[in-house]
There are 2 protein chains.
Amino acid sequence: MSNGMTVIVQPMPWLRSAAFTLSFPAGICQESADRAGIASMTCEMVQRGAGSYSSRDLVAAQDNLGLDRNSGVLTNVVSYGAAMPAESFDQALGVYADILRRPHLPADQLDDARMMMMQELRAIEDEPSHRVMRRIRQMRYGDRLGRGPQGTMKSLQTISQDDVREFFQTFYQANGAVLTVAGNVQPKQIIATAEAEFGDWKSGDKAVQYEAESCPGYDSIEMETSQTHIAFGFPCIPYGHERYFKMRAGIGILSDGMSSRLFDRVREQRGLCYTVSASCHSLPNAATVFGYAGTTPERAQETLDVTLHEVKHLVDDLQQSELDRWKVRIESALVMEQESSASRASSLASDFFQLGRPLETKALSELIEAITLKDVQEYWTENPPQDFHVVTLGPQPLTVNL
Amino acid sequence: MSNGMTVIVQPMPWLRSAAFTLSFPAGICQESADRAGIASMTCEMVQRGAGSYSSRDLVAAQDNLGLDRNSGVLTNVVSYGAAMPAESFDQALGVYADILRRPHLPADQLDDARMMMMQELRAIEDEPSHRVMRRIRQMRYGDRLGRGPQGTMKSLQTISQDDVREFFQTFYQANGAVLTVAGNVQPKQIIATAEAEFGDWKSGDKAVQYEAESCPGYDSIEMETSQTHIAFGFPCIPYGHERYFKMRAGIGILSDGMSSRLFDRVREQRGLCYTVSASCHSLPNAATVFGYAGTTPERAQETLDVTLHEVKHLVDDLQQSELDRWKVRIESALVMEQESSASRASSLASDFFQLGRPLETKALSELIEAITLKDVQEYWTENPPQDFHVVTLGPQPLTVNL
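Here's a quick rundown of the structure. Once a new chain begins, its residue numbering starts again from 1 and follows that chain's sequence as written. Numbering of ligands from 1 and lettering of chains from A proceed in the order in which they are written. Under the rules for a predicted model, residues below a pLDDT of 70 receive no local features and side-chain atom pairs below 80 are neither given nor counted, while totals for whole chains, interfaces and linings still include all residues. Based on all heavy atoms of the structure, the side-chain values leave hydrogens and waters out of the count.

### Comments concerning the overall build of chain A
Rules: Every helix listed is a DSSP run of H or I at least four residues long, and every strand listed is a run of E at least two residues long, numbered separately from the N terminus. Based on C-alpha atoms, the radius of gyration is set beside the globule rule, defined as 2.2 Å times the residue count to the power 0.38. Relative accessible area decides the class of each residue, using a 1.4 Å probe on protein chains only: under 20% of the type maximum gives buried, over 50% gives exposed, and in between gives partly exposed. Note on contacts: a residue pair is in contact if any heavy atoms of the two residues lie within 4.5 Å. Areas reported as accessible are Shrake-Rupley estimates using a 1.4 Å probe. Residue values count occlusion only from the protein chains shown.
Within chain A, the secondary structure is distributed over 15 helices and 10 strands. The globule rule puts the C-alpha radius of gyration for 402 residues at 21 Å, and the 22 Å found for chain A is close to it. Along the first, second and third principal axes, the C-alpha set of chain A runs to 60 × 50 × 35 Å. Looking at chain A as a whole, 59% of its 402 residues qualify as buried. Across chain A, the fraction of contacts at a sequence separation of at least 24, relative to all contacts at a separation of at least 6, is 84%. For chain A, the exposed surface amounts to about 15,800 Å²; the carbon and sulfur share of it is 48%.

Here you go:
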């Protein structure tokens, strides 16, 4: 649309549902450090009354449309979305136009919203696995890009009504926004509805892009937990890079599914831990393979050693059968995605931010099919895992043997 | 089938996937107390090699078919299931016939399986919200029906290879088993495949039904957590009771969605906690409304008081709009279920065990539509919440004001 907002529609006429995701660059990285948490606070506040709806009427209106809502604040973007019976779509988009363009931001509810966020922050502190993953992201990306959505007790106490209003005014706008829609819908009608509801949404400055500030090394959090929690990470190429799926196939062989190397060699063959996994995470300017293992304090050192060994020796004796299994897995996941309007709308939004365009399921499927074992070997031989970050949480620190 | 196994098929020709659930009464309640955890241990062991597959070949074969697996050990039943591209179905069922009928139960992998379960048990001990929910089920249903799937450190150490073999021999059999299939499948072909793979599965004794041993009251676990975790429960009627959905509508008004009473009155209006919810849980002979709230130690007493007040005063000023919203919510969920072969297969299995027959989506939808506000009022006036169980975990005990 002329104000810089993009609309992407994928009809899935075999479904009865429809889903949308509306995302724009009002994520965590736009916060100043002393107002950490304001992206989430704003996301909470815009949903407390908007347009002609009071706070209670608004949630009632959403429930009356049968919406299965989701909103999320990520490093770069904030997303609002919902899945619903397809006939509710037009009305639902109208409700979200109120939320994003005409929220009341009621001053008398700021303290309730603040209290919610403090509660959430405390809940996370009770979960050690969450704490190690939070810390490793901070080490890998630095304070701004590695920050979690909840802020800190101090920053949450500081945030004022004016701060929320300013964050909303600056970042809730059409430039860089994308609305993705999937399900039992007519593209023409969706475009018309989107144009009517968002065509004159104001257009502001393009969002600033920030750089990651990486700090490799080892950090240990000592705590009397019954498990030792291990997080690790090392840089990789982001989604959108032309060799991305060749890299990703290697991580799939390492960690996707019960026949993957980490599951088979760390868990099944050695019985070292119950949970062990690795996956890829992408920001526009930086990407990482993050991993996690949880085990007993007595087995923690061996778990860390064996896990890092498997990661570093990924390229040794790669088998065609491993690559084939990974391809079947991805193909199967793509079949499932075709049956969920919500998954599809969310994938389209993620493609848009990472690739700058939607990636059709068929094109993705062909990309995956074309990958050879040699591609995977070449990528990982040229780019061996290095610059490791490791965090452990448990009764004692461990030794990182690289 | 003649051996006592039931097959239920629902074609969903608009999908490309298919899913099945195979459930039978080899659940936790069949364990003796000193072998607690053996149902899960057996579930783990049968998947470590079966038929012509070694342990590693078995998971590879499953991954090669593109299976998205799930298996679960519940109080009354154990379930094995998977979703997949529809064309994999026949082969997948063959693999599961090997697992359930011809497992190797390799003695040299027993210690690995045991170690996995001990790790899982420890992981749960690190999660206080899980601990309070585990404890409240134990108080509500007694040791046998309230037991978790992981057993205890002591019982896990005791379980021998002979114990696993005996549990398998006794409970892995066709009498009382049900195979439910949903997705892009032909009923005739499914029946033929099921007959070929399971038609001559041996038939044993009907599983014993056990009674719940309830012990209402208050229990407090003192622990230095940053949140206080509150669990509560009170008896209700089980799924399958003719008034079930009238009862369930009341709990929906109390807790389903962001416009529900607990969310609105405990969280949004008072800012007392981040998470608060209640839901219904059914066993064949007993059922419960369980609830949970997590909050700061300072707000814990008020959170408990307000939450229990809302539960007890559910029937006061019930509004038609509340019931209408709940109905829309259920209808919307039914639309979504029609798009997931896995959800549908799982619902069919659950219907079979609780109702003795599958419930068609259309029939369920009509049942829900027919409920009036008067029905809900009458049920809850005649059956007010009582015999409360409460468990809290946090720095200090609370007072239960009923």
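### As for the relation of the copies chain B and chain A
How we decide: Only residues with pLDDT of at least 70 in both copies contribute their C-alpha atoms to the least-squares superposition of the copies.
Once chain B has been moved 0.0 Å along the axis and rotated by 180°, it coincides with chain A to within an RMSD of 0.0 Å. In the structure described here, the two chain copies are related by an operation that fits a two-fold rotation axis. In this assembly, 100% of the residues forming the interface of chain B have copies in chain A that are likewise at the interface, indicating an isologous arrangement.

### Side note on the nonpolar core
Counted only if it meets this: Each nonpolar core is a collection of buried residues, namely Ala, Val, Leu, Ile, Met, Phe, Trp, Tyr and Cys, held together in the definition by side-chain atoms within 4.5 Å.
Membership of the largest hydrophobic core comes to 54 residues, with the highest contact counts inside it found for Phe20, Phe24, Tyr172 and Trp201 of chain B. Mapped onto this core, the elements with two or more residues apiece are strand E2 (17-24), helix H1 (38-46), strand E4 (78-85), helix H3 (89-101), helix H4 (110-125), helix H7 (161-171), strand E5 (178-183) and helix H8 (187-198) of chain B. Counting residues per element, this core draws most heavily on H3 of chain B, which supplies eight residues. If near-sequence neighbours (up to four positions away) are discounted, tyrosine 172 of chain B is found in contact with Phe24, Ala26, Thr42, Cys43, Val46, Val78, Tyr80, Leu100, Phe167, Trp201 and Lys202 of chain B. Of all hydrophobic cores here, the second largest spans 53 residues; its members include Phe20, Met45, Phe168 and Leu179 of chain A.

### With respect to the packing of aromatic side chains
For the record, the criterion: Pairing of aromatic side chains here covers Phe, Tyr and the six-membered ring of Trp, requires ring centres within 6.5 Å, and sorts the geometry by plane angle: under 30 degrees stacked, over 60 edge-to-face, intermediate tilted.
Applying the stated criterion across every chain, the model contains 34 aromatic pairs over all chains. Aromatic side chains phenylalanine 168 of chain A and tyrosine 172 of chain A sit 5.1 Å apart centroid to centroid with 40° between the ring planes, which places their arrangement in the tilted category. An angle of 80° between the planes, with centres 6.0 Å apart, marks the rings of tyrosine 141 of chain B and phenylalanine 290 of chain B as edge-to-face. Of the two residues, tyrosine 141 of chain B is situated in helix H5 (residues 128-145) and phenylalanine 290 of chain B in strand E9 (residues 287-295); the sequence distance between them amounts to 149 residues. Taken as a pair, tyrosine 141 of chain B and phenylalanine 290 of chain B share a single burial class, namely buried. Among the aromatic side chains, those forming a connected cluster through ring pairs are Phe24, Tyr80, Phe168, Tyr172, Phe198 and Trp201 of chain A.

### Notes on helix H10 (residues 261-268) of chain A
Across the eight residues that make up H10 of chain A, a large majority, eight, are buried. Within H10 of chain A, burial applies to Arg261, Leu262, Phe263, Asp264, Arg265, Val266, Arg267 and Glu268 of chain A.

### Remarks on unusual backbone geometry
Across residues other than glycine, the phi torsion is negative in most instances, and most of the peptide bonds are trans. A positive phi is found at leucine 105 of chain A, a non-glycine position, where the angle reads about 45°. Tracing the backbone shows leucine 105 of chain A in the loop between helix H3 (89-101) and helix H4 (110-125). Residue leucine 105 of chain A is classed as buried on the basis of its relative accessible area, which comes to 2%. The residue aspartate 317 of chain B is not glycine, and still its phi comes out positive at about 40°. For aspartate 317 of chain B, the location among the structural elements is in the loop between helix H11 (297-312) and helix H12 (320-337).

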